[in-house]
Amino acid sequence: MYNLRRLEVLRELKYRGTLAAVATAMSYSPSAVSQQLTLLESEVGAPLLEREGRGVRLTPQAEILVARTEKALRELERAETEIAASLREVSGTLRVAAFQTAMLALLPAALTWLREHHPRVRVEATQAEPDTSLPGLLTRDFDLVIDETFPGHPRAARASEVEHHPCTRTPCGSRPLNPSSPWPSWPSTPG
């Protein structure tokens, strides 16, 4: 069986693009990242990286591993979610990224609701535009990203790889999109 932490390093390389970016994101030294990838290549028995100019790119075998790693991580996250749901009290950290207008319009009401209903949930909010926050969602820097789209403008890069839930009223209407949702009713704003 392959080492999951090494697989995560390979996955990070796919999304972050450079060994230095992976090292920074995972709090490793660049040489430690390189060492982990070398060990993974030994485990796999096939080359995982090819030199490309001054950088590297993933081989087809590495792409297979990344796709399977994604599935494994999703299953582990589901298990974590199921365990958390089985507990009586919701707790943990929710990492949210949103553009400035959404931060100002949506987060105050959401934070108030969370404090009242789930006081053990800690929220880490980051102001970021969709072109940086959506890739952060893929690399698991964020758990939730609030982005925006406009007719005729494509979504940020890699946006097709994430699950989208549109908010069709400003901001998110005067009630939840799903009336049975446990989430708060958002206040309507003029205009």
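The shown structure was predicted, so the numbers you read here are calculated from the model rather than taken from an experiment.

(A) View of the overall build of the chain. Looking only at helices and strands, one finds seven helices and five strands in the chain. N-terminal to C-terminal, the α/β element order of the chain is α-α-α-β-β-α-β-α-α-β-α-β. Contacts spanning at least 24 positions in sequence make up 56% of the contacts within the chain whose residues lie at least 6 apart. Roughly 12,400 Å² of accessible area belongs to the chain as shown, and the carbon and sulfur atoms make up 54% of that amount.

(B) Molecular detail of the environment of Val 33. Note on placement: Val 33 falls in helix α3 (residues 30–44). On the basis of relative accessibility, which here comes to 0%, the residue Val 33 falls in the buried class. C-alpha of Val 33 to C-alpha of Ala 20: the two residues are 13 residues apart in sequence and 8.4 Å apart in space. In this structure Val 33 touches Val 9, Leu 19, Val 22, Ala 23 and Tyr 28, once residues within four positions along its chain are discounted.

(C) Structural detail: the side chain of Glu 12. Examined against the element boundaries, Glu 12 turns out to sit in helix α1 (residues 4–16). Glu 12 sits in the buried class, given a relative accessible area of 8%. Within the local environment of Glu 12, its side chain forms a polar contact with the side chain of Arg 16, the two groups lying 2.5 Å apart. If near-sequence neighbours (up to four positions away) are discounted, Glu 12 is found in contact with Gly 17, Val 22, Ala 25, Met 26 and Thr 139.

(D) Examining helix α2 (residues 19–26) more closely. For α2, the set of buried residues is Val 22, Ala 23 and Met 26. One side of α2 holds all its buried residues, which, seen down the axis, span an arc of 100°. Considering only its buried residues, α2 is in contact with α1 and α3. Directly after α2, the chain includes Ser 27, whose backbone phi takes a positive value near 60°.

(E) Seen up close, helix α6 (residues 107–117). When we look at burial in α6, the residues that qualify are Leu 107, Ala 110, Trp 113 and Leu 114. Taken around the axis of α6, the buried residues stretch over an arc of 130°, which confines them to a single face. Across α6 from its buried face, at more than 90 degrees, point the exposed residues Arg 115 and Glu 116. Lining the buried residues of α6 we find β3 (91–98), α5 (100–105) and β4 (120–127).

(F) Broad picture of the pairing of β3. The sheet contact formed by β3 and β4 spans eight bridges and is parallel. Opposite Ser 91, over in β4, you have Arg 120 as the bridge partner. In this sheet, strand β5 (residues 144–146) lies alongside β3 in parallel orientation, the contact comprising three bridges. Paired with Val 96 across the bridge in β5 is Leu 144.

(G) Structural view of the sheet that holds β4. Taken together, three strands build an open sheet; the order of strands is β4-β3-β5 and the sheet is parallel. Every other strand in the sheet has two partners, leaving β4 and β5 as the edge strands with one partner each. When the angles between neighbouring strand axes are averaged without regard to direction, this sheet yields 25°.

(H) Highlighting the layout of surface pockets. Roughly 230 Å³ of internal volume is contained in the second largest pocket. Arg 5, Glu 8, Arg 11, Glu 12, Arg 16, Ala 25, Met 26, Leu 73, Glu 77, Thr 139, Arg 140 and Asp 141 together form the lining of the second largest pocket. Of all the secondary-structure elements, those providing two or more residues to the lining of the second largest pocket are α1, α2 and α4 (60–86). Take the lining of the second largest pocket: its biggest share by element is five residues, from α1.

What counts and how
Residues numbered from 1 in each chain as written. Predicted model: local features only at pLDDT ≥ 70, side-chain atom pairs only at ≥ 80, totals over all residues. Heavy atoms only, no water. Helix = DSSP H or I, 4+ residues; strand = E, 2+ residues; numbered from the N terminus. Contact = heavy atoms within 4.5 Å. Areas by Shrake-Rupley, 256 points an atom, 1.4 Å probe, with all protein chains shown as cover. Buried < 20%, exposed > 50% of the residue type's maximum accessible area, 1.4 Å probe, protein only. Polar contact = N/O pair within 3.5 Å; in protein donor to acceptor, adjacent residues only side chain to side chain. Arc of directions from axis to C-beta. Pairing = 2+ DSSP bridges. Axes fitted to C-alpha atoms, helices over the stretch in contact; angles between N-to-C directions. 1 Å grid on protein atoms, 1.4 Å probe; cavity = no way out; pocket = protein on both sides within 12 Å on 5 of 7 lines; lining within 4 Å. Points joined across faces, edges and corners; volume = space filled by probe spheres on them.

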